[in-house]
Amino acid sequence: MRLSTNLFYAQNETNISEANSRLFKLQQQLSTGEKLQQPSDDPLATTQIMKFDRVIARTEQFSENITVSERRLSFEESTIDSVVTALQRVQEIGIQGGSAALSANDKKILADELDEILGHMSSLMNTQDAQGEFMFAGFKGATRPYVLNGDGTGYEYQGDSGARFLDIGENSTIQSTDPGSSFYGDSTDNVLNQILNLKQGLVDDDSAAISSAAEGVNGWYENVVSKQAELGARLRVLDDQAMTLSDLKTFTESTRSVFADTDYYEAISQLSLETTALQAAYQSFGQVQQMSLFNYVG
Amino acid sequence: MSYGLLSLGVQGVRAAQSGLGVVGNNITNVNTPGYTRQVAQFTSMEEGGVLQDQVQRIADQYINARLWSDNSRFEAAQAYEQLSSQLDNLMASDSTSLAVKMDDYFAALQAANDDPISLTNRELFLAEADALVRRYHDLHDQISNMGETINTRIRELTNEVNVSAGDIADLNERIRVAEAAGKDAFELKDQREESIKELSALVDIQVSEQSNGELSIFVGNGQPLVVGQSAYQFAAGQNDFDPTRFDVTVNIAGAETNITDMIRGGELGGLLTYRRETLDRSQNELGRLAIIFADTMNAQHQKGIDYDGEMGERLFSNVNAPNLIDGRLRSLYGTEGTVNITDSSQLQASDYELVFTGANDFRVKRLSDGKIWDSQDLNKVTTADDVANSGDLFYDPSNGEISLELDGFRLDADAHGPFVSGEKLMISPVKTGADDIQLNITNGRDLALASPVTVSKSASGDGSTAEAVVELTHLYDSTEKDPREQLPGIPWELSFDGTDWTALDADGDPVSVVQSTSDPRVLVIGSRADNQSELTVTLSGQPATDDKFTLNYNFSVDDADQITNVGVSDNRNGLLMSDLMKEASSLEGNYQDTYGRLVERVGTDTRVAQMDRSASEAVLNNTIAQRESISGVNLDEEAVRLIQFQQAYQASAQIISASQKIFDSLIQVV
């Protein structure tokens, strides 16, 4: 084919500029570590990467929810531990108070101790978290749940039976709060009033009332302990789920990497290939452009 | 036969000189764009000697025509690719992408759900919601700005077209005059071809040669641009429906012809195709997503109660605000009306053109894919109020009234008189959605994370393990802020007799209970048919006879009839809002899927544009190489000719010298 001088130069220019832009792209891949600079580089891979990014973001959020739930449930657990300890002492008092050997005065001393325990327990059952939320009020977190009535004769539950759930996985939730009603009883049928009954029995030196109240306290104790076990089980579920999420995140990140990250071996070998090609283009252009018949005539 | 030696020598010297002139001209024009090489033609004469009377211009009109059309195609592909690539970057870059902001929004919602009593978390969520709204606006603005850039470029390009067309018409005239005077006009022809090449970079053209050597140029569907010595004017004019958008018109004999949709090639064609196929579509897709997002979030938020026990307001602005429903309809001849979103999940990312084709007929065209509905295909109903389902039509052509529902929107229009044949309505249900979205709530207390109702088991039958959850699934009046008005007569008591569930309100009157036929554990309580809100109770475990559940407000009412003790620790409505992230809210899937499809489509468009560009570039380069191989100057070739003519000159001079010597010898002899 007849070649015009103009075309010769133009073609060389194009070749060199194309080789340069390929080099630039490789250099970008190497310096950013990202295989794709924009979606058009590979639209399908981009869609996949976006999906992985969403999975990672949500996994991180679920992990955050687990941390929040663990913090709250651990706080709840330690509060309940104190309640259980207090109830154990109440049980002892119930047994001691039922003994016929005890004088009325001794029973009065026990009744005074129960007053102390009542104050301690009601403050535990009305525990507020750092936000000021009453831990055992159900959905009514701004309402003090166990309130002594006006004449001091009984405690009444002001909360409800609502329990808050949090998302800890794509399709799994965990109960992250417990209403006081499920541990300690609702309205006037609650552990505090049973302790009040026990106290009254001791004050009145009424052994029938003491034994019935002590039995009632035992019932509540059993309830709290069984709920405490449930709580522990929930904390273990959280641990397991945290592991699962961490595995899922690692797996997703490594799959994402296959689509999104530069394969350095490939990119570097490509880079040296392209560099060689560009060098060859420069060199051959330099040599060929010196060739002109005008160098030999005249 | 005998020759005059001296005169032969002189002719030879002259011919070689002319040849050298042509070679010199080729060499000096080696870098001149569009230059066509010339070759000196020699003719031997009858009486002996040589005549250099002609110079041939080595051109191939067929190759030139291909060069122009290939150039148009390449310039169009290049313009498309450049713009598309910008949009491509915009959609996916973390600093401009919607995907990342939506992640942040839902993460903040989760944090609010983790601790609904925390006003700080509520405020942080609102801040993220506001950031998401701004991201929608930013993307919308960026797309609008690309539209503006295209407008500016259309104006510049139409001017450039006019300059080139003027040049060509002028050159036609000069070439005609030169040729009439018997001149070659080679340089003028080169210039004309170069001007046509420049024009072909702006717009796709058809060139035809007239018998007098003039070239006429047509655009679009044969609209004349240059005929002989006259050029018609291109102009950038306002679109009929959208004054912010420029169309391309050509002025023929005083009449403006809109050729916007007929231009395919050149930079202008690339810009217009990009605007029509990618930019408009992307703007509609983005707007649709904003509308779906606002609409679904609003609907759920309105079913919750806030920190103070009031029903939630819309979280984002109303998608059917009065100013918006007016703005979605534009008409050619002044028909007025509204376009309401009726089912955001059915919306398509498209504009719709409604054209009245006769006194009693019209058709609607969905511009994204060209789907057409004829008025005959729609389900005719007798009053505007009867239009309730997709495909319903109320049409009163004599009074100029029309109401119809399609693809998740409802059109109500009134021409205040019979519709004029040829009247066009442009319906843009979603176009400005991403610009229109606003945050409607500014105070964290107003965030409705709690549900207005609670359910608790009030009596347990023998061996029952049944538990229940409740959700407000239908609001009878979304403007009513007091939950007691939404759900009057609560507490409701739900009882099981071993086979059926029944409910009684606080006064002991029955409340409708409908058991789902597909899942017997799902009960709908209350009935929208009776103007009541509906609660959905979902049971788990094994119910037993005499099970009772109480449905109550998630707050107390004090002696002064004020709402108090609100369930501020409840996040059930917040969780339902959060679940919307997973729900298939559009034809493509959930919010992120919908956005992902948009990014993928722009990416694919750009990818195709890149391939088009490089393919058309290869074709163009090939054609340029062909033209160059025919018409381009090769310096080596010219060097050979230079030597050839030099030697011919020297030889001819020798003839003169020989003739001189012969003459001298003769004189000496004499």
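Fair warning: this is a prediction, and the values are worked out from it, not measured in the lab. (Residues numbered from 1 in each chain as written. Chains lettered and ligands numbered in written order. Predicted model: local features only at pLDDT ≥ 70, side-chain atom pairs only at ≥ 80, totals over all residues.)

(A) Broad picture of the overall build of chain B. Broken down by element type, chain B carries twelve helices and 30 strands. For the C-alpha atoms alone, the extent of chain B along its principal axes is close to 155 × 55 × 40 Å. Considering chain B as a whole, with its 670 residues, one finds that 43% of them fall into the buried category. In chain B, of all internal contacts separated by at least 6 residues, the share reaching a separation of at least 24 is 66%. (Helix = DSSP H or I, 4+ residues; strand = E, 2+ residues; numbered from the N terminus. Buried ≥ 20, exposed ≤ 12 C-beta atoms within 10 Å, placed from the backbone. Contact = placed C-beta atoms within 7 Å.)

(B) Quick look at the overall build of chain A. Each helix and strand in chain A was counted, giving seven helices and six strands. Helices and strands in chain A line up, N terminus first, as α-α-α-β-β-β-β-α-β-β-α-α-α. Relative to a compact globule of 298 residues, whose C-alpha radius of gyration would be 19 Å, chain A shows 38 Å and is clearly more extended. The C-alpha extent of chain A, read off along each of the three principal axes, is 140 × 30 × 25 Å. Of the contacts formed within chain A by residues at least 6 apart in sequence, a portion of 64% connects residues at least 24 apart. (Rg over C-alpha atoms; globule rule 2.2 N^0.38 Å.)

(C) Structural view of the interface of chain A and chain B. Taken together, the 41 residues of chain A in the interface contact 49 residues of chain B. Sorting the residues of the side of chain A that touches chain B by element identifies α1 (5–32), α2 (43–97) and β3 (165–169) of chain A as the ones contributing at least two each. Top contributing element to the side of chain A that touches chain B by residue count: α2 of chain A, with eleven residues.

(D) Layout of unusual backbone geometry. Going from I490 of chain B to P491 of chain B, the amide bond is cis rather than trans, its omega being 5 degrees. Along the chain, P491 of chain B falls in the loop between α9 (483–486) and β22 (492–496). Its identity as a non-glycine residue notwithstanding, S187 of chain A has a phi of 30 degrees, on the positive side. Residue position: S187 of chain A is located in the loop between β5 (185–186) and β6 (189–190). Notably, D205 of chain A is not glycine yet its phi reads approximately 55 degrees, a positive angle.

(E) Seen up close, helix α5 (residues 191–204) of chain A. Residues and elements named next belong to chain A. End to end, α5 covers 20 Å across 14 residues, agreeing with the expected 20 Å (1.5 Å per residue, within 8%). For α5, the buried fraction is high: ten of the 14 residues fall into the buried class. Among all positions of α5, only V191, L192, N193, Q194, I195, L196, L198, K199, G201 and L202 are buried. One or two steps after α5, the chain reaches D205, where phi turns positive at roughly 55 degrees. (Expected span 1.5 Å × (residues − 1).)

(F) Local environment of the pairing of strand β19 (residues 424–427) of chain B. All names here are of chain B. Residues L425 and I427 point to one face of β19 and are all buried, whereas K424 and M426, pointing to the other face, are not buried. Judged from the three bridges that link them, strand β10 (residues 329–331) and β19 form a sheet pairing that is antiparallel. Paired with S331 across the bridge in β19 is L425. The pairing of strand β12 (residues 352–356) with β19 spans four bridges and is antiparallel. Across the sheet, E353 pairs through a bridge with M426, a residue of β19. (Pairing = 2+ DSSP bridges.)

(G) Highlighting helix α1 (residues 5–28) of chain B. With 24 residues, α1 of chain B should reach 34 Å at 1.5 Å per residue; the first-to-last C-alpha distance of 34 Å fits that figure. Three or more residues of α1 of chain B are buried, namely G9, Q11, G12, A15, A16, G19, V22, V23 and N26 of chain B.

(H) Fine view of the nonpolar core. Residues and elements named next belong to chain B. Of all hydrophobic cores here, the largest spans 148 residues; its most connected members are A165, I168, L225, L268, A290 and V537. If you tally residues by element for this core, the top one is helix α4 (residues 119–180), at 18 residues. Once residues lying within four places of it in the same chain are set aside, the contact partners of L268 are I154, L157, L202, V203, V248 and I263. (Core = buried A, V, L, I, M, F, W, Y, C linked by C-beta atoms within 7 Å.)

(I) A look at the sheet that holds strand β25 (residues 513–515) of chain B. All names here are of chain B. Spatially, the four strands line up as an open sheet ordered β21-β27-β26-β25, and their pairing is antiparallel. The sheet is open, and its two edges are formed by β21 (467–474) and β25, each paired on a single side. Going from strand to strand, the sheet's axes swing by 25 degrees on average, the running direction of each strand aside. Two elements, β25 and strand β26 (residues 522–525), share three bridges in a ladder whose sense is antiparallel. (Axes fitted to C-alpha atoms, helices over the stretch in contact; angles between N-to-C directions.)

(J) A look at the packing of helix α5 (residues 186–202) of chain B against helix α6 (residues 266–301) of chain B. All names here are of chain B. It is the contact of α5 with α6, at a shortest axis distance of 2 Å, that shows an interaxial angle of 5 degrees. In terms of their interaxial angle, α5 and α6 are classed as roughly parallel. Residues S200, A201 and L202 of α5 pack against G266, E267 and L268 of α6. Considering only residue class, the contact of α5 with α6 consists of three nonpolar, two polar and one charged. (Parallel < 35°, antiparallel > 145°, perpendicular 65-115°, else oblique. Nonpolar A, V, L, I, M, F, W, Y, C, P; charged D, E, K, R; others polar.)

(K) Here's a closer look at the sheet that holds strand β24 (residues 510–511) of chain B. Residues and elements named next belong to chain B. Taken in spatial order, the five strands of this open sheet run β20-β28-β22-β23-β24, and their pairing is antiparallel. Each end of this open sheet is capped by a strand with a single partner; those strands are β20 (453–459) and β24. Of the pairings in the sheet, the one linking strand β23 (residues 501–504) to β24 comprises two bridges and is antiparallel in character. For L504, the partnering residue across the bridge sits in β24 and is P510.

(L) The environment of G327 of chain B, seen in detail. Mapped onto the secondary structure, G327 of chain B falls in helix α7 (residues 322–327). In this structure, the C-alpha to C-alpha distance between G327 of chain B and A459 of chain B, residues 132 residues apart in sequence, is 56 Å.

(M) Up close: the packing of α4 of chain B against α5 of chain B. Residues and elements named next belong to chain B. For the pair α4 and α5, the least separation of the axes is 9 Å and the interaxial angle reads 160 degrees. When the interaxial angle is binned, α4 and α5 end up roughly antiparallel. Considering the relative orientation of α4 and α5, their crossing is left-handed. Note on element contacts: α5 touches α4 through L188, K189, Q191, R192, S195, I196, E198, L199 and L202, opposite L157, E160, V161, S164, A165, D167, I168, L171, R174, I175 and A178. The class makeup of the residues in the contact of α4 with α5 is eleven nonpolar, three polar and six charged. (Left-handed = near helix turned anticlockwise from the far one by under 90°.)

(N) Focus on the confidence of the model for chain B. Confidence in the prediction of chain B, expressed as mean pLDDT, is 92, and 100% of residues score 70 or more. Confidence metrics for the complex model read pTM 0.88 and ipTM 0.85. (pLDDT = per-residue confidence, 0-100.)

(O) The arrangement of the environment of T382 of chain B in detail. In this structure, T382 of chain B sits in the loop between β15 (379–380) and β16 (392–396). Residues T382 of chain B and P243 of chain B, 139 residues apart in the sequence, show an inter-C-alpha distance of 36 Å.

(P) Focus on the pairing of strand β2 (residues 50–57) of chain B. Residue and element names in this part refer to chain B. In terms of strand pairing, strand β1 (residues 38–44) meets β2 through six bridges, oriented antiparallel. Looking at the pairing, Q38 lines up with R57 of β2. The loop that links β1 with its antiparallel partner β2 comprises five residues; one of these, G48, has a positive phi angle of about 95 degrees.

(Q) Structural detail: the environment of P543 of chain B. Residue and element names in this part refer to chain B. Inspection of the secondary structure assignment puts P543 in the loop between β27 (534–540) and β28 (548–553). Residues P543 and E467, 76 residues apart in the sequence, show an inter-C-alpha distance of 8.1 Å. Setting aside anything within four residues of it in sequence, one finds P543 in contact with S464, A466 and F496.

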